[in-house]
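Structure assessment
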Amino acid sequence: MSEFSLNLSEDQQQIQKWVHDFAETVVRPAAEEWDEREEFPWPIVEEAAKIGLYSFDFFAQASLGDTTGLTLPVALEELFWGDAGIGLSIFGSGLAAAGIAATGTPEQVMEWVPQCFGTADTIQLGAFCVSEPDAGSDVSSLKTKAVYDEASDEWVLNGTKAWITNGGIADVHVVVATVDPALKGRGQASFVIPPGTSGLSQGQKYRKHGIKASHTAEVVLDDVRIPGRLLLGGKDKLDEKLARAREQERTGAKQPAMATFEATRPAVGAMAVGIARAAYEYALGYAKDRVAFGKPIIMNQAIAFMLADMATEIDAARLLVHRAAWLARNGGYTSAEGAMSKLKAGRTAVWVTERAIQILGGYGYTREYPVERFHRDAKIYDIFEGTEQIQQLVIA
């Protein structure tokens, strides 16, 4: 166990600068174009893969290999400072990798997590498939079913998943499905769907308010057959969990979806902090340059106080994110620190980006300036990976 410290190591500082430089020189100049195109930014992801930012090695180093838990949040803040839509395109596969790491055996983790990223020459994507058209926050009500065919030692999956990052275009889909509907959330399991599996297809692609460069779509599962070994955690472990659940015993095991979301909440919070910081810095620079009534508008107390509150809220959100990230790697949450960090960071991003628009006035409302995009991108952090109200429920 490492001691909690807000001081970044020399390696973490180097990673922070490395990611920031990439965000500043590659991501930001392309942000407006890919937001308008509303397409997956393959050229930018390819650039990230060339330098090793989009890779299994970096994912492993920044998450699994970091005892402080701070490397990944630090990197994500810098990347999403550049642009949230492109940032999610680069790190969206990480959610699938986290889903595998949360419930898979060591052998499954080593086999499938690298395939969520591929190589610099052959890029692959991962998708984590939980939500459904009628089951978003209520993950215990999933209708996608997985039925075991004992004769062939295969699982057969049927259902439709909704709001899936990289859905349908991913090479590796990690699907949470119900194996015993009577047990609701305790009767669920996660499965790996390999590339090219028959019966898996993309449904509708969503046209979104923000993070438009990130691909979000339905995933349709029509008699998808996969080998038994692709049940994450293995059948023996699942059978034991189901037997205990049927006897109404506490299994001690979290729902597969919730286990993943708990682990990723600080990372998602860090993304929101990056968006908020981008909006604050832009508004600060604008307030110093914009002259009205004979002086820069930052000299007006109303503007200065707004910026002071923005800076304070961002710092508070970052501190909660870093605390939660450290706890997640050092003994686990003692209360609901992960939910607190995600709740605070999401709210902060929405509020700070709105204030940035207010500081820019009419200009902030136009696409000529990036703060309206920051605001559109921020809103999803009150919704996905557990809504604002779900985080409050966890905390309460």
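One can find the structure itself at the top, above this paragraph.
Residues numbered from 1 in each chain as written. Predicted model: local features only at pLDDT ≥ 70, side-chain atom pairs only at ≥ 80, totals over all residues. Heavy atoms only, no water.

Overall, the coordinates contain 13 aromatic pairs when judged by the stated rule. Arranged with centres 5.5 Å apart and planes meeting at 35°, the rings of Phe 59 and Phe 117 form a pair that is tilted. Of this pair, Phe 59 sits in helix H3 (residues 56–64) while Phe 117 sits in the loop between helix H7 (106–112) and strand E1 (126–129), placing them 58 residues apart in sequence. Phe 117 gets classed as buried once you look at its relative accessible area, which sits at 4%. (Phe/Tyr/Trp six-rings, centres within 6.5 Å; stacked < 30°, edge-to-face > 60°. Helix = DSSP H or I, 4+ residues; strand = E, 2+ residues; numbered from the N terminus. Buried < 20%, exposed > 50% of the residue type's maximum accessible area, 1.4 Å probe, protein only.)

Glancing now at the nonpolar core. If you look at the biggest cluster of nonpolar residues, it comprises 112 residues, and the most contacted ones within it are Leu 157, Phe 191 and Ile 359. With residues near it in sequence (within four places) discarded, Phe 191 still touches Ala 146, Trp 155, Leu 157, His 173, Val 174, Val 175, Ala 177, Val 179, Ile 226, Leu 230 and Leu 231. (Core = buried A, V, L, I, M, F, W, Y, C linked by side-chain atoms within 4.5 Å. Contact = heavy atoms within 4.5 Å.)

Throughout the structure, instances matching the rule amount to 23 salt bridges. Residue Asp 239 pairs with Lys 235 through a salt bridge whose shortest N-O separation is 2.9 Å. One end of the pair, Asp 239, and the other, Lys 235, are both in helix H8 (residues 235–246), four residues apart, so they sit about a helical turn from each other. Take Lys 235: its relative accessible area is 28%, and that puts it in the partly exposed class. Overlapping salt bridges bring together Glu 77, Glu 78, Arg 277, Glu 281, Asp 315 and Arg 318 as one network. (Salt bridge = Lys/Arg side-chain N within 4 Å of Asp/Glu carboxyl O.)

Quick look at the side chain of His 20 now. Within the fold, His 20 resides in helix H1 (residues 10–37). Judged by relative accessible area, which is 19%, His 20 ranks as buried.

Now for the pairing of strand E3 (residues 154–165). Bridge analysis of strand E2 (residues 145–149) against E3 gives five bridges, and the strand direction is antiparallel. Across the sheet, the residue bridging to Ala 146 is Leu 157, located in E3. Where E2 folds back onto E3 in an antiparallel hairpin, the turn is made up of four residues, including Asp 153, whose phi is positive at roughly 50°. Pairing of E3 with strand E7 (residues 216–227) involves nine bridges; the strand directions are antiparallel. Note that in E7 the partner of Leu 157 across the bridge is Val 224. (Pairing = 2+ DSSP bridges.)

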